[in-house]
Each structure stands twice: as C-alpha cells, then as structure tokens.
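# Tertiary structure, described
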Amino acid sequence: MAPFPILFLIATAAVAVGLVWHTVATYGYERGTRLLITLGILGVLHEVICPNGFYLVQMRGFRPLGVPLGVSAGWVITALLGLDFARRMLSAVAPRLVGSLAPTVLLAALFGGALSNAIEPVGQVSGWWIWTPEYSEGQFPHLAGGMWFLTIYLFNTFALATTGLAGRRRFAGVSLLIPFACAAMPLPIPASMGLAATSVVLLARLDALDLAPEFGRRAQLTVTSWSEVVPLGATMLILATLGYYASVSARPDVIELARPAAVLSVAPYVALGVLRLNDVLRSLAAPGTEPRASTDLDSVGHAAGPRAA
C-alpha cells in the first residue's frame, strides 16, 4: 500500500469544494445540484466496475466498502473542469454552439485526456495506482489518456442528458455513440477520424440535443463574478500539487512528461486571469466604472440561448 498522500487528498478536497460552489453558481441550484449528484454517483460506480483488469488503486485513504472516494472525486473534478473548458472554448471560437450537447461533451473529453497526461505519470511513479497491462514492463500508462477521454465523454453525456438536456434524453444517449462507431470503423485512421468529426458536427446541429438555458449560457470572458475564476484556481492547485510530487520523485523524467500537458491544461484559463486582472485595475483607476460584462448577456444577465447569433 502506498503512503498516505495527504497533500494530494487535501488539494482534491479543496478543489472539490470550490467546484461545487462554481457549479451551483453557474448552472443554478436545482440543475447544478442534480449535475453534481449524477456525476458523484457515476464516479463511485466507475471505481466499483471499471478498474478491474486495467488499474489498481494503491494509495491509502477513505475507502468505504473498498471504494477509493478520493479517486471517485477526481473523476467528478475532471468532468466539471472539462465542462467549464468546453463552455469557454465554444464561447470564444463557436458561440452558436454553446449549449449544444455534442461539441460540449467532446471538448470536455479532450480536456480530460490532456489532463491525464499531467496526472498519470506522477500518480504512477508515486505508487498511487498502477496500470496493470503496462506496469510489469515499467512503462508510463499510455492507455490512460484514452480511458480518461472515454470516461469523461460518457460521464458528461449521461449527466447532461439526465440533468440539462432540453430535448429527448434517450435519443441523446444513443446518438452520441455514433462518433465512436465512426472512429472504430476498419478504415485508415484519417478517414475514420474524419467520419467521427463529421458526425459530431451533424449532431451539433440537432435541436433535440440543445441543453437547457442554464447550460447554454456563454462564458463571461470578462469576469463579473469571482465564481468564474474558481476553475482557474482549481487547475493551478492541481498542477502545483502534482509539481511538488514530481519534484520529490525518484524519476525526474516525470516532469518532462507532464510539463506539456500541464501547460495545455492551464492555457484556457490564462486569458481569463489576464482579463480579470485588467478589469480590477481599470476599476481601481476609475472607481465609478463597472467591469465590462460579456456582450453575450442581456440586461438581466442571461444568454440569448445556444443558437443565438
């Protein structure tokens, strides 16, 4: 059994508390609470069903009925950070798709796969968990990125279809398996990936896959609420904790492996922090001037909807 990673578990708890507040503040009490409960149940079920044959959790911690709740919380945290990443990315590059289920879950899954490249090497060499197919050869967990992508994709698809979908839930669950079917076709990799991407684009155009208005609200790129900076702080805290464990590891190559993914994980939030700081400085320079609000919000602070121009 690996040593008790007290700093890692404290950081996980602090991030979880912050993201609970952020989720309720962003999506409203009713839908935010339902989203958190759904993701929490999925996180526990994942650790009950999925690890067998793939990885073994070795770190000590709170394990009611043998379920490592710290790892379950990690899945929920990743899913929530992925949703925030997707909302901000779509707000910046494709505003008309904000509130569309297909691109939201895809971008969230891509974020989860990228974040795994920062977390998994540190967890592996620290002995928190091992990936059984590769551990015997002393390799880093190359399977992890794909499993994180699939897990976050399925977590957010199920959670949003259950708590935030305005259209047909059963249709959403089935239709979002189409990209995987396309990717698995016995074709050259570029062709199968192209088909998968095309299916996501077509699914994004279906009104039956529009999310409820709370989830269709575009991100405020100039922040007027401190809850909007919680994902930035959460990501920084996660990466700082991983950096500490990597620095004391007997495997210095861990830092080289994790650095690119760490930078990628932080990048979506750096612009947010810069804009927030700019607003604060402007408000200090001119106390009577309110920080600029996003042009995507109307006079009462709501978005025009996921299909707004």
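As the structure is a computational prediction, the values presented were derived from the model and not from experiment.

Helices and strands together make up the secondary structure of the protein chain, namely 11 helices and two strands. Its helices and strands taken in sequence order, the protein chain reads α-α-β-α-α-β-α-α-α-α-α-α-α from the N to the C terminus. Taken over 309 residues, the protein chain has a buried fraction of 48%. Nonlocal contacts in the protein chain, meaning residues at least 24 apart in sequence, comprise 78% of its contacts between residues at least 6 apart. When the accessible area of the protein chain is evaluated, it comes to approximately 14,700 Å², of which 70% is carbon and sulfur surface.

A surface patch of nonpolar side chains, amounting to about 580 Å² of accessible area, comprises Ile37, Ile41, Val44, Leu45, Val48, Ile49 and Leu69. The dominant element in the nonpolar patch, judged by the number of residues it contributes, is helix α2 (residues 29–49), at six residues. The residue Ile41 is located in helix α2 in this model. The partly exposed category is assigned to Ile41, whose relative accessible area is 49%.

This next bit is on the packing of aromatic side chains. Inspection of the entire model under this criterion finds seven aromatic pairs. Members of the aromatic cluster, joined through ring pairs, are Phe149, Tyr153 and Phe180.

The next point concerns the nonpolar core. Leu19, Leu35, Leu39, Leu101, Leu160 and Leu242 are the most contacted members of the largest nonpolar core, which has 57 residues in total. Listed by contribution, the elements that provide at least two residues to this core are α1 (6–27), α2, α3 (69–93), α4 (101–125), α6 (144–163), α9 (189–204) and α10 (230–247).

Once that is clear, we can look at α4. With 25 residues, α4 extends 36 Å from end C-alpha to end C-alpha; this agrees with the ideal 36 Å at 1.5 Å per step. The largest bend in α4 comes to about 35°, at Asn117, with the proline Pro121 one to four residues further on. Just downstream of α4, Gly127 is the residue with a positive phi angle, here 80°.

Our next topic: the pattern of salt bridges. Under the definition given, this model contains four salt bridges. When the shortest N-O distance is used, the salt bridge between Asp84 and Arg87 registers 3.7 Å. Of this pair, Asp84 and Arg87 both sit in helix α3, three residues apart, roughly one helical turn. The residues Asp84 and Arg87 share a single accessibility class, namely buried. With its nearest N and O atoms 2.9 Å apart, the salt bridge here joins Asp84 to Arg88. A residue pair is termed a helical-turn pair when its members lie 3 or 4 positions apart in one helix, as Asp84 and Arg88 do in helix α3 at four residues. Taken together, the shared-partner salt bridges in this structure form one network comprising Asp84, Arg87 and Arg88.

In this section: the side chain of Thr157. Tracing the sequence through the fold places Thr157 in helix α6. By relative accessible area, which is 8% here, Thr157 ends up buried. For Thr157, the residues in contact, after removing those within four places along its chain, are Val105 and Leu176.

Turning next to the packing of α1 against α3. For the pair α1 and α3, the least separation of the axes is 10 Å and the interaxial angle reads 40°. When the axis of α1 is compared with that of α3, the two are oblique. For the pair α1 and α3, the crossing hand works out as left-handed. Touching Thr12, Val15, Ala16, Leu19, His22, Thr23, Thr26 and Tyr27 of α1 are Gly70, Ala73, Ile77, Leu80, Leu81, Leu83, Asp84 and Arg87, all from α3.

Once that is clear, we can look at α1. With 22 residues, α1 should reach 32 Å at 1.5 Å per residue; the first-to-last C-alpha distance of 31 Å fits that figure. Every buried residue of α1 is listed here: Phe8, Ala11, Thr12, Val15, Gly18, Leu19, His22, Thr23, Thr26 and Tyr27. Buried positions in α1, seen along its axis, are confined to an arc of 145° and lie on one side of it. Facing away from the buried side of α1, by more than 90 degrees, are the exposed residues Ile10 and Val17. Tucked inside the fold, the buried residues of α1 contact α2, α3 and α10. A positive backbone phi angle near 90° is found at Gly28, which sits one or two residues after α1.

The subject of this paragraph is the environment of Glu120. Relative to the elements of secondary structure, Glu120 occurs in helix α4. Of the residues examined, Glu120 reaches a relative accessible area of 4% and is grouped as buried.

Where α4 contacts α10, the axes come no closer than 10 Å and their chain directions differ by 35°. The handedness of the crossing between α4 and α10 is left-handed. Contacts between α4 and α10 involve Ala118, Ile119 and Val122 from the former and Leu239, Leu242, Tyr245 and Ala246 from the latter. Of the residues in the contact of α4 with α10, the class split is seven nonpolar, no polar and no charged.

Rules used throughout
- Counting of residues starts from 1 at the beginning of each chain's written sequence and follows it residue by residue.
- Side-chain atom pairs in this predicted model are given and counted only at pLDDT of 80 or more, local residue features only at pLDDT of at least 70, and totals for whole chains, interfaces and linings cover all residues.
- As a rule here, side-chain values come from all non-hydrogen atoms in the structure, and water together with hydrogens is ignored.
- Runs of H or I in DSSP of at least four residues are treated as helices and runs of E of at least two as strands, each being numbered from the N terminus.
- Burial classes follow relative accessibility: with a 1.4 Å probe on protein chains only, a residue under 20% of its type's maximum area counts as buried, one over 50% as exposed, and anything between as partly exposed.
- Any two residues whose heavy atoms approach within 4.5 Å at even a single point are treated as in contact.
- Each accessible area is a Shrake-Rupley estimate made with a 1.4 Å probe; only the visible protein chains count as cover when residues are assessed.
- Only residues whose relative accessible area exceeds 30% and that take part in no salt bridge are eligible for patches, with like-charged residues grouped when within 9 Å of each other and nonpolar side chains (Val, Leu, Ile, Met, Phe, Trp, Tyr) grouped when within 5 Å.
- One side-chain nitrogen of Lys or Arg within 4 Å of one carboxyl oxygen of Asp or Glu is enough to make a salt bridge.
- Ring geometry is summarised as follows: Phe, Tyr and Trp rings, the Trp one being its six-membered ring, pair when their centres sit within 6.5 Å, and such pairs are stacked at plane angles under 30 degrees, edge-to-face over 60 and tilted between the two.
- Put simply, buried Ala, Val, Leu, Ile, Met, Phe, Trp, Tyr and Cys residues joined by side-chain atoms within 4.5 Å make one nonpolar core.
- Helix span, expected: 1.5 Å multiplied by one less than the number of residues in the helix.
- Note on bend: the value at a residue is the angle between axes fitted to the seven residues ending there and to the seven starting there.
- Only the stretch in contact is used when a helix axis is fitted, and all axes are lines through C-alpha atoms; the angle between N-to-C directions ranges over 0 to 180 degrees.
- In these notes the angle categories are as follows: under 35 degrees is roughly parallel, over 145 is roughly antiparallel, 65 to 115 is roughly perpendicular, and the rest is oblique.
- By the definition used in this description, the sense in which the near helix is turned from the far one sets the handedness, with an anticlockwise turn below a right angle giving left-handed and a clockwise turn giving right-handed.
- By arc we mean the arc of the directions from the helix axis to the C-beta atoms, nothing more.
- We call Asp, Glu, Lys and Arg charged. Ala, Val, Leu, Ile, Met, Phe, Trp, Tyr, Cys and Pro are nonpolar, and the rest, Gly among them, are polar.

Shape is all these values report; function is a separate question.
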